[in-house]
Amino acid sequence: MPTVYLPDEDHVVRHLTPRQFIRDDETKEIVGCLPHAFELREGEGFLSANWLEYFDGGESDALAATAFAISQSRAVRSSHAFAIGNVAAIKAACSEFDVRVRIVHEPDAGNESHAAVRRFKDDDLELLELLAQDAWSRVIEAKPPLDRVGPWRARP
Amino acid sequence: MSSLLTMPRSRSVLEMPAGAVMPSLGVGVDSKSIEARLRSIRQLLTEPVSNIANVRDTDLTGATLPEQLRSKALSLKRIAGAVAMHLTKDWRLKLFARIDELCSPEDWDEPCDLPSEQSFSTFLRMIIYLHPTRRPGIGLSNRGHFVAAWTRGSDRIVIECIGNDEVRWVLSKITDGERESGAGKVSLHRIPDVIAGYEPEELFNDAHRLLA
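Think of each chain on its own: its residues are numbered from 1, step by step along the sequence as written. Chains carry letters and ligands carry numbers; both start at the beginning, A for chains and 1 for ligands, and go up in the order they are written. For this predicted model, a pLDDT threshold of at least 70 governs which residues receive local features, and a threshold of 80 or more governs which side-chain atom pairs are given and counted, while totals over whole chains, interfaces and linings are taken from all residues. Values reported for side chains reflect all heavy atoms of the structure, with hydrogen atoms and water molecules removed beforehand.

**Student:** Explain the packing of aromatic side chains to me, please; I cannot follow it from the model alone.
**Tutor:** Two measures describe an aromatic ring pair: the distance that separates the ring centres and the angle between the ring planes. All names here are of chain B. Centres within 6.5 Å are what make two rings of Phe, Tyr or Trp a pair, Trp counting through its six-membered ring; a difference in plane orientation under 30 degrees is then read as stacked, over 60 as edge-to-face, and the rest as tilted. What the rule picks out here adds up to nine aromatic pairs over all chains. Seen from their ring centres, Phe120 and Phe123 are 5.9 Å apart, and the 20° between their planes marks the pair as stacked. Highlighted residues: Phe120 and Phe123, both in helix α6 (residues 117–130), separated by three residues, approximately one helical turn. Burial classification: accessible surface area is computed with a 1.4 Å probe over protein chains only, and a residue below 20% of its type maximum counts as buried, one above 50% as exposed, and the rest as partly exposed. Judged by its relative accessible area of 0%, Phe123 falls in the buried class. Connected via pairs of aromatic rings, a cluster forms that spans Trp91, Phe120, Phe123 and Phe146. Here a helix means four or more residues in a row that DSSP labels H or I, a strand means two or more in a row labelled E, and each is numbered from the N terminus.

In structure tokens:
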């Protein structure tokens, strides 16, 4: 299967659990995500995300479909969030730190829109913070997309 | 004055009792900030704040994940309870609520390490040492380290508490429309020195109180 590079104008979505993002103490609204949201897990060779424009329709339709796609491999709950980043901006941020990433479509078991940020390195906290504060900084509640599709399977 | 010059290196000054009167070194801003720093360092060296530096991560091998997380939450609250006299009731309750969220089995990412008590003790000691009035956002790294973030607009400092009083920090700030940032790994008592050039006071302070 040929490698499919995501177009620069498209977006990738990263699923976040509550430990990876911050809410305002009083309003409970999401303030942003932590740089640690872009850490690789032990043994992970790439940063896992989902291709938003893989699905047709407007952003809210695509997000609902993305939530469903992610839920095929991990539990997505209404207390969770999604970070949305533009492909070109992520590549530019990484290249500022001499990290030349390739963002490719790599369908995973059941998760048809899965994308991988390959050649990514997470050892520079400044790069992770640049992603969190700038290139990949739009963080939205998972609840609205979930509400459009649920109920969801529990993690086995 | 000459007695000051012959005084043994700073450690003996730091170990003076909290109420001890220091010889006057001047009344400028610098001397006040030095005094405040010495007061903070002394607090770290005084019980019970010094005791929590020795906590170790509990080994919960064999327990189920929900049991492990419940046990971690209890253990973290116990550590915070040991220094409760330093924390305002309001912030302590918020901190406990956040611990419960972070240790929720429903939201847990299984490949990640459990929250570390040693990291949490460094977090609490850092709060007592830095004496911020703005409440930090609190998260966890994949390795179970506590992460504190102070945000103001698009400026932010994030400090990952590694444990044993070691931290990893990153600060980003917009100055004249340009983002500047810095990062490093230091012992917690060095944080004010290494970030001073970014004028971080506004990040750490607002009308809230964390410490009693």
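**Student:** Sorry if this is basic, but what is going on with the pairing of strand β5 (residues 81–86) of chain A here?
**Tutor:** It is a general feature of regular strands that their side chains alternate between the two faces of the sheet. Residues and elements named next belong to chain A. Of all six residues making up β5, five are buried, and the element is well covered by its neighbours. One requirement defines pairing of two strands: DSSP has to find at least two bridges between them. Sheet topology places strand β1 (residues 11–16) next to β5; six bridges connect them, and they run antiparallel. Residue pairing in the sheet places Val12 in a bridge with Gly85 of β5. Taken together, the four bridges between β5 and strand β8 (residues 138–141) define a ladder with antiparallel strand orientation.

**Student:** Teacher, can you tell me more about the pattern of salt bridges here?
**Tutor:** Pairing between side chains of opposite charge can happen when the charged atoms of each approach one another. Take a side-chain nitrogen of Lys or Arg and a carboxyl oxygen of Asp or Glu: if they are within 4 Å of each other, that pair is a salt bridge. Tallying each qualifying case throughout the model produces 20 salt bridges over all chains. Across the pair Arg100(A) and Asp98(A) runs a salt bridge whose closest N-O atoms are separated by 3.5 Å. The exposure class assigned to Arg100(A) is partly exposed, which follows from its relative accessible area of 48%. Relative accessible area serves as the criterion here: at 60%, Asp98(A) is assigned to the exposed category. Across the salt bridge formed by Asp90(B) and Arg135(B), the nearest N and O atoms sit 3.1 Å from each other. Taken as a pair, Asp90(B) in helix α5 (residues 89–102) and Arg135(B) in the loop between α6 and β1 (137–140) lie far apart in primary sequence, 45 residues in all. Asp90(B) sits in the partly exposed class, given a relative accessible area of 41%. Each of Asp25(A), Glu26(A), Asp90(B), Lys94(B) and Arg135(B) takes part in a single network of salt bridges with overlapping partners.

**Student:** When you look at the nonpolar core in this model, what are you seeing that I'm missing?
**Tutor:** The criterion is simple. A nonpolar core is a set of buried Ala, Val, Leu, Ile, Met, Phe, Trp, Tyr and Cys residues joined through side-chain atoms within 4.5 Å. Counting residues in each nonpolar core, the largest one holds 47 residues, and the members touching the most others are Leu95(B), Phe120(B), Phe123(B), Leu124(B) and Met126(B). In terms of residues, this core owes the most to one element, α6(B), which gives eight residues. A contact between two residues is defined here by any heavy atoms of the two lying within 4.5 Å. Aside from chain neighbours lying at most four places away, what touches Leu95(B) is Ala80(B), Leu87(B), Phe120(B), Phe123(B), Leu124(B) and Ile138(B). Counting 38 residues, the second largest nonpolar core, distinct from the first, contains Leu34(A), Leu128(A), Ala132(A) and Trp136(A).

**Student:** What's the story with the sheet that holds strand β6 (residues 102–105) of chain A in this structure? I'm lost.
**Tutor:** The strands that make up a sheet pair up through hydrogen bonds in the backbone, lying either parallel or antiparallel. Residue and element names in this part refer to chain A. Read from one edge of the open sheet, six strands run β6-β7-β4-β1-β5-β8, paired in antiparallel fashion. The strands lining the two open edges of the sheet, one partner per strand, are β6 and β8. The average angle at which neighbouring strand axes cross in this sheet is 35°, direction not considered. Convention adopted: a line fitted to C-alpha atoms gives each axis, helices being fitted over their contacting stretch, and angles between N-to-C directions are expressed from 0 to 180 degrees. Contacts between helix α2 (residues 87–96) and the sheet are confined to β1, β5 and β6, with β5 contributing the most and set at about 80° to the helix.

**Student:** Could you clarify how one ought to interpret helix α1 (residues 59–71) of chain A in this entry?
**Tutor:** Residues lying three or four places apart along an α-helix face the same way, a consequence of the helix completing one turn every 3.6 residues. All names here are of chain A. Any helix carries an expected span of 1.5 Å times its number of residues minus one. Between its first and last C-alpha atoms α1 spans 18 Å; for 13 residues at 1.5 Å apiece the expected length is 18 Å, and the two agree. Along α1, the residues classified as buried are Ala62, Leu63, Ala64, Thr66, Ala67, Ala69, Ile70 and Ser71. Contacts made by the buried residues of α1 are with β1, β4 (47–51), β5, β8 and α4 (143–149).

**Student:** Explain the packing of helix α4 (residues 65–82) of chain B against α5(B) to me, please; I cannot follow it from the model alone.
**Tutor:** When two helices pack together, you describe them by how their axes are tilted relative to each other and by the distance separating the axes. All names here are of chain B. The N-to-C vectors of α4 and α5 enclose an angle of 160°; their axes lie 10 Å apart at closest approach. Considered as vectors, α4 and α5 are oriented roughly antiparallel to each other. Of the two possible hands of crossing, α4 and α5 adopt the one that is right-handed. Each of Ala73, Leu76, Lys77 and Ala80 in α4 lies in contact with α5, whose residues at this interface are Leu95, Phe96, Ile99 and Asp100. Here the contact of α4 with α5 is composed, by residue class, of six nonpolar, no polar and two charged. To sort the angles, those under 35 degrees are grouped as roughly parallel, those over 145 as roughly antiparallel, those from 65 to 115 as roughly perpendicular, and the leftovers as oblique. Left-handed describes a crossing in which the near helix is turned anticlockwise from the far one by less than a right angle; the clockwise case is right-handed. Residue polarity is assigned by list, with Asp, Glu, Lys and Arg as charged and Ala, Val, Leu, Ile, Met, Phe, Trp, Tyr, Cys and Pro as nonpolar; anything else, Gly included, falls into the polar class.

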